[in-house]
Amino acid sequence: MRKQKVGVITLGCSKNVVDSERLMRQMKINDFEIIDDPQKADVVVINTCGFIEAAKEESINTILNAVKLKSKGKIKKIIVSGCLSQRYKPELEKEIPEVDAFFGTENYAGIIKELGGELKYELLGERLLTTPSHMAYLKISEGCNNPCSFCAIPLIRGTHKSKTIEELVKEAEFLAENNTKELVLIGQDTTDYGIDIYGKRNLAKLLERLSEIEKIQWIRLLYAYPSHFPKDVIEVLANNPKLCKYIDMPLQHISDNVLKSMRRGITSRRTRELLYQIRERIPEVTLRTTFIVGYPTETDNDFEQLCDFVKEIHFDRIGVFTYSIEENTPGFVLGDPIPMDVKEERKSILMEIQKDISSEKNQQLIGKTLRVIVDGFEGAADEGFYVSRSEMDAPEVDCEILIPATNNVSVGNFYDVKIYDSNEYDLFGNVI
Ligand code: SF4
């Protein structure tokens, strides 16, 4: 009998990527054929995002495109899962009846059953990677206990749930046996790791255990939360050569008025203390953060404070988002008084400040040698570039180090590269 062809579309964040990879592994085990082009599939599975307005729109448009394919008889079945479906299932079922089934987040058993298969629980730690095989996200926890006023994640993903160290080591060993060399640790709040199952924050121990896996060479920490950043993690990052000297810690803002209204549980003074403490202990650390501009109570003065803060700290990498009002979040009652054009203007002012900082920092790397991992190749065969990253660059969001095609390198390997040029976001180097 012909294998059922399934096309999986993953929207949203790296946590959704991991969920899709787990599901796709189960599909493979059940002998379904996974294909890249949804138009050629029998069944399309859409793993949606429902975090903010823009993401919700993208998810709905993707579903409606699949409905069009079904109406033309190109595909037989549509299954929708993920955060949008978790958050708005009843409304979606009423609005888009052409969809065959809606599932929430992490309902692998339901989807596999809907496809006519059976879930293999014992193999749930296994994944079919959609990232280049040398790099994999490791989702150490799901859900969040923090009360941030603007955020719908706790409504969608529930409270913080850690995986055990044993489960995560087993998953990481599976990935290492499948060529993974870089693990990127993710969660909604990775610094809360273990608080639910070990009664204390246990991220430092997890990092140490993962670094004992021989084939894993880089371990990177994303989504750290500032107000309860475990001090023992700073020590482990400083001392363990496999841990990238890299911390992604969304701060969202720096004005005490805004931080208080956002319920971030930290003040501007304590934020600075933490950043200086990390830099003092790990001088070469790469600091990445994200900010929200246009939050309902943000005044011109609050925004100025944020600009001054970015100039003061000289972050290595920043992301800026415009505030998106979300129903049922604690901040919903504040409304959305700041016009979009003002939000956009503040976003571009902040990104402009950072562009100068990033350009200056990149220039200082000319003549330096960096250890990089090659992610892929872009451009024409002999005039294109190998795209690589150093310890200072997380996948998909940070700078790239471009290596001319004349260099003899292969994807997935590490090389020492001497930097000969830079621009505000990328570096150029040759293998030495
Ligand atoms: S830490 Fe705050 S912003 Fe992040 S997922 Fe939790 S509630 Fe949302």
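Figured I'd write up the structure that's included with this text. Predicted, not measured: the structure shown is a model, and the values here were computed from it.

Each value, and the rule that gives it
Residues numbered from 1 in each chain as written. Predicted model: local features only at pLDDT ≥ 70, side-chain atom pairs only at ≥ 80, totals over all residues. Heavy atoms only, no water. Helix = DSSP H or I, 4+ residues; strand = E, 2+ residues; numbered from the N terminus. Rg over C-alpha atoms; globule rule 2.2 N^0.38 Å. Buried < 20%, exposed > 50% of the residue type's maximum accessible area, 1.4 Å probe, protein only. Areas by Shrake-Rupley, 256 points an atom, 1.4 Å probe, with all protein chains shown as cover. Lys, Arg positive; Asp, Glu negative; His and termini not counted. Charge placed at Lys NZ, Arg CZ, Asp CG, Glu CD. Expected span 1.5 Å × (residues − 1). Arc of directions from axis to C-beta. Contact = heavy atoms within 4.5 Å. Core = buried A, V, L, I, M, F, W, Y, C linked by side-chain atoms within 4.5 Å. Axes fitted to C-alpha atoms, helices over the stretch in contact; angles between N-to-C directions. Parallel < 35°, antiparallel > 145°, perpendicular 65-115°, else oblique. Left-handed = near helix turned anticlockwise from the far one by under 90°. Nonpolar A, V, L, I, M, F, W, Y, C, P; charged D, E, K, R; others polar. Polar contact = N/O pair within 3.5 Å; in protein donor to acceptor, adjacent residues only side chain to side chain. Near = heavy atom within 4 Å. Pairing = 2+ DSSP bridges. Right-handed = clockwise from strand over helix to strand, strands pointing away.

1. Some details on the overall build of the chain
And then number 1: Broken down by element type, the chain carries 12 helices and 18 strands.
And then number 2: In terms of C-alpha radius of gyration, the chain reaches 22 Å, essentially the compact-globule figure of 22 Å for 432 residues.
And then number 3: C-alpha extents for the chain along the principal axes are approximately 60 × 55 × 45 Å.
And then number 4: Counting every position in the chain, which comprises 432 residues, the buried fraction comes to 55%.
And then number 5: Carbon and sulfur atoms make up 51% of the accessible area of the chain, which amounts to about 18,700 Å² in all.
And then number 6: Each charge class in the chain can be summarised by its mean position, and for the 56 positive and 69 negative side chains these summaries are 4 Å apart.

2. Section: helix α11 (residues 300-313)
And then number 1: For α11, built from 14 residues, the straight-helix expectation of 20 Å at 1.5 Å per residue is met to within 8% by its first-to-last C-alpha distance of 20 Å.
And then number 2: Looking only at α11, the buried set comprises Asp302, Phe303, Leu306, Cys307, Phe309, Val310 and Ile313. Taken around the axis of α11, the buried residues stretch over an arc of 160°, which confines them to a single face.
And then number 3: For α11, the secondary structure elements touched by its buried residues are α9 (256-261), α10 (268-281), β12 (286-293), β13 (317-322) and α12 (340-363).
And then number 4: Count one or two residues on from α11 and you reach His314, which has phi positive near 55°.

3. With respect to the nonpolar core
And then number 1: If you look at the biggest cluster of nonpolar residues, it comprises 53 residues, and the most contacted ones within it are Leu185, Leu210 and Leu350.
And then number 2: Among the elements that take part in this core, helix α6 (residues 165-177) stands out by supplying 7 residues, more than any other.
And then number 3: Apart from residues lying up to four places away in sequence, Leu350 is in contact with Phe291, Val293, Phe303, Leu306, Cys307, Val310, Ile318 and Val320.
And then number 4: One finds Val67, Leu69, Ile75 and Ile78 within the second-largest nonpolar core, a separate group that totals 18 residues.

4. Some points on the packing of α10 against α11
And then number 1: One way to put it is that α10 packs onto α11 with a least axis distance of 12 Å and a crossing angle of 15°. The orientation of α10 with respect to α11, classified from their angle, is roughly parallel. Note on packing geometry: the crossing formed by α10 with α11 is right-handed. Note on element contacts: α11 touches α10 through Phe309, Glu312 and Ile313, opposite Thr271, Arg272, Leu275, Tyr276 and Arg279.
And then number 2: Its residues assigned to classes, the contact of α10 with α11 comprises 4 nonpolar, 1 polar and 3 charged.

5. Focus on the side chain of Glu326
And then number 1: Among the secondary structure elements, Glu326 is positioned in the loop between β13 and α12.
And then number 2: Separated by 2.8 Å, the side chains of Glu326 and Lys56 make a polar contact.
And then number 3: Engagement of the side chain of Glu326 in a polar contact is seen with the side chain of Arg87, the distance being 2.9 Å.
And then number 4: Apart from residues lying up to four places away in sequence, Glu326 is in contact with Phe51, Ile52, Glu53, Lys56, Arg87, Tyr88, Phe150, Ala152 and Phe332.

6. With respect to the packing of helix α2 (residues 53-71) against helix α3 (residues 83-95)
The relative placement of two packed helices is expressed as an angle between their axes plus a distance between the axes.
And then number 1: In the contact formed by α2 and α3, the axes pass within 11 Å of each other and the chain directions differ by 80°. Considering the angle they form, α2 stands roughly perpendicular to α3. When α2 is examined against α3, the residues Lys56, Ser59, Ile60 and Ile63 are found in contact with a partner set consisting of Leu84, Arg87 and Tyr88.
And then number 2: Per-class residue counts for the contact of α2 with α3 are 4 nonpolar, 1 polar and 2 charged.

7. Notes on the site of the ligand
And then number 1: In the region of the ligand, the neighbouring residues are Cys144, Asn146, Cys148, Phe150, Cys151, Ile153, Pro154, Gln188, Tyr225 and Arg264.
And then number 2: Tallied by class, residues from the shell around the ligand come to 7 nonpolar, 2 polar and 1 charged.

8. Brief notes about the environment of Phe377
And then number 1: Tracing the sequence through the fold places Phe377 in strand β14 (residues 369-378).
And then number 2: Among the residues examined, Phe377 registers a relative accessible area of 32% and is labelled partly exposed.
And then number 3: For Phe377 and Glu126, which are 251 residues apart along the polypeptide, the C-alpha to C-alpha distance reads 28 Å.
And then number 4: Other than its neighbours up to four places away in sequence, Phe377 contacts Gly384, Phe385, Tyr386, Val387 and Ala405.

9. Describing the sheet that holds β12
And then number 1: The 6 strands lie next to each other as β6-β9-β10-β11-β12-β13, forming an open sheet whose pairing is parallel. Across the chains shown, the open sheet's two edge strands, defined by having one partner strand only, are β6 (135-139) and β13. Averaged over neighbouring strand pairs, the angle between their axes works out to 20° when direction is ignored.
And then number 2: Here β12 pairs with β13 via 6 bridges, running parallel. Counterpart to Phe291 in the pairing with β13 is Val320.
And then number 3: Along the sheet, helix α1 (residues 14-29) makes contact with β6 and β9 (182-186), crossing β6 at roughly 95°.
And then number 4: Contacts from helix α8 (residues 231-239) reach β10 (218-221) and β11 (243-248) within the one sheet, and its direction differs from that of β11 by about 140°.

10. As for the pairing of strand β4 (residues 77-82)
On a regular strand, one side chain projects to one face of the sheet and the next to the other, so that they alternate.
And then number 1: Counting buried positions over the 6 residues of β4 gives 5, a clear majority of the element.
And then number 2: As defined by bridge partners, strand β3 (residues 43-48) adjoins β4 across 6 bridges and the pair is classed as parallel. By the bridge assignment for β4, Val44 is matched with Ile78.
And then number 3: The handedness of the β3 to β4 crossover, carried by α2, is right-handed.
And then number 4: Relative to strand β5 (residues 101-102), β4 runs parallel, the two sharing 2 bridges. Each bridged residue has a counterpart across the sheet, and for Val80 the counterpart in β5 is Phe102.
And then number 5: Handedness of the crossover joining β4 and β5 through α3: right-handed.

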